[in-house]
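Working through the structure, step by step
Next come the chains, spelled out residue by residue.
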Amino acid sequence: MSSDDPVRVLDRDECREILKGGSLGRLATAVGGEPDIYPVNYYSDGSSILIRTAPGTKLVELTVHDTVAFETDGWTDDEAWSVVAHGRARRLEQQSEIDEADKSPLQPWIPTLKYRYVRIDIERVTGRRFRREPEPDRW
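A brief look at the structure comes next. (Residues numbered from 1 in each chain as written. Predicted model: local features only at pLDDT ≥ 70, side-chain atom pairs only at ≥ 80, totals over all residues. Heavy atoms only, no water.)

1. Describing the overall build of the chain
Selection criterion: Secondary structure follows DSSP: runs of H or I at least 4 residues long count as helices, runs of E at least 2 residues long count as strands, and numbering of each begins at the N terminus. Buried means the residue's accessible area, taken with a 1.4 Å probe over protein chains only, is under 20% of the maximum for its type, while exposed means over 50%, and partly exposed covers the values in between. Note on definitions: a residue-residue contact is assigned when non-hydrogen atoms from the two residues lie within 4.5 Å. Computed with the Shrake-Rupley method and a 1.4 Å probe, the accessible areas treat only the protein chains shown as cover for residues.
Across its full length, the chain carries three helices and seven strands. The order of α-helices and β-strands along the chain, N terminus first, is β-α-β-β-β-α-β-β-α-β. When its C-alpha atoms are laid out on the principal axes, the chain stretches across 60 × 35 × 30 Å. For the chain, with 139 residues in total, the buried portion stands at 35%. A fraction of 71% describes how many contacts in the chain between residues 6 or more apart in sequence connect residues 24 or more apart. When the accessible surface of the chain is summed, it comes to about 8,800 Å², and 51% of that surface belongs to carbon and sulfur atoms.

Structure (C-alpha cells):
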C-alpha cells in the first residue's frame, strides 16, 4: 500500500499465502439462480481448497452446480485482508484421494461426523489488504 492508499490489491502469490494460512472461510454456491453461503473450516495448499462436510444441502448443491466462490478474511489492529477464490468443486470419490485428504490437518471444529471431502480447484483468485485507520473527515 502506498502511504496515501488504504487499499492494496494482492497478487496471486500473496492470495495463495493467505489461503494457506487460514482455516475458516465461506463457501458460496448458486443453484437455479438461488445463492447460498456456508461458513466452513478448510485447509489449502495454495492451489486448491479442501473442506469436509456431511451429506446435506451443501453437497447436493455442489453436485448440481460445481462452480463456486470461496472467501476467507482476517484482521489485526493495523490491517485487514480478504481473498476470494473461484473454481470448481468436486467431491473426492477415489480412495487414494480420500486417503491423501485424511493426512491433511483439516479437522471439524464442532463434534459432528463430516466424512465427505470436497476439493475446490482454484481457477481464479483475487485479494485486497486494507489499512485500518479512523475514517477521514468528511468535510
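2. Looking at the packing of aromatic side chains
Quick note on the threshold: Pairs were defined over the aromatic rings of Phe, Tyr and Trp, the Trp ring being its six-membered one, requiring ring centres within 6.5 Å. Orientation was assigned from the angle between planes: stacked under 30 degrees, edge-to-face over 60, tilted for the rest.
According to the stated counting rule, one finds one aromatic pair in the structure shown. When the ring of Tyr42 is compared with that of Phe70, the centres are 4.8 Å apart and the planes differ by 70°; the resulting orientation is edge-to-face. Remark: Phe70 occurs in strand E5 (residues 67-75) and Tyr42 occurs in strand E3 (residues 34-44); sequence separation between them is 28 residues. Pair check on accessibility: Tyr42 and Phe70 agree, each one buried.

3. What about the environment of Thr63?
Mapped onto the elements, Thr63 comes out in helix H2 (residues 57-64). Thr63 sits 27 residues away from Arg90 along the chain, and the two C-alpha atoms are 7.6 Å apart.

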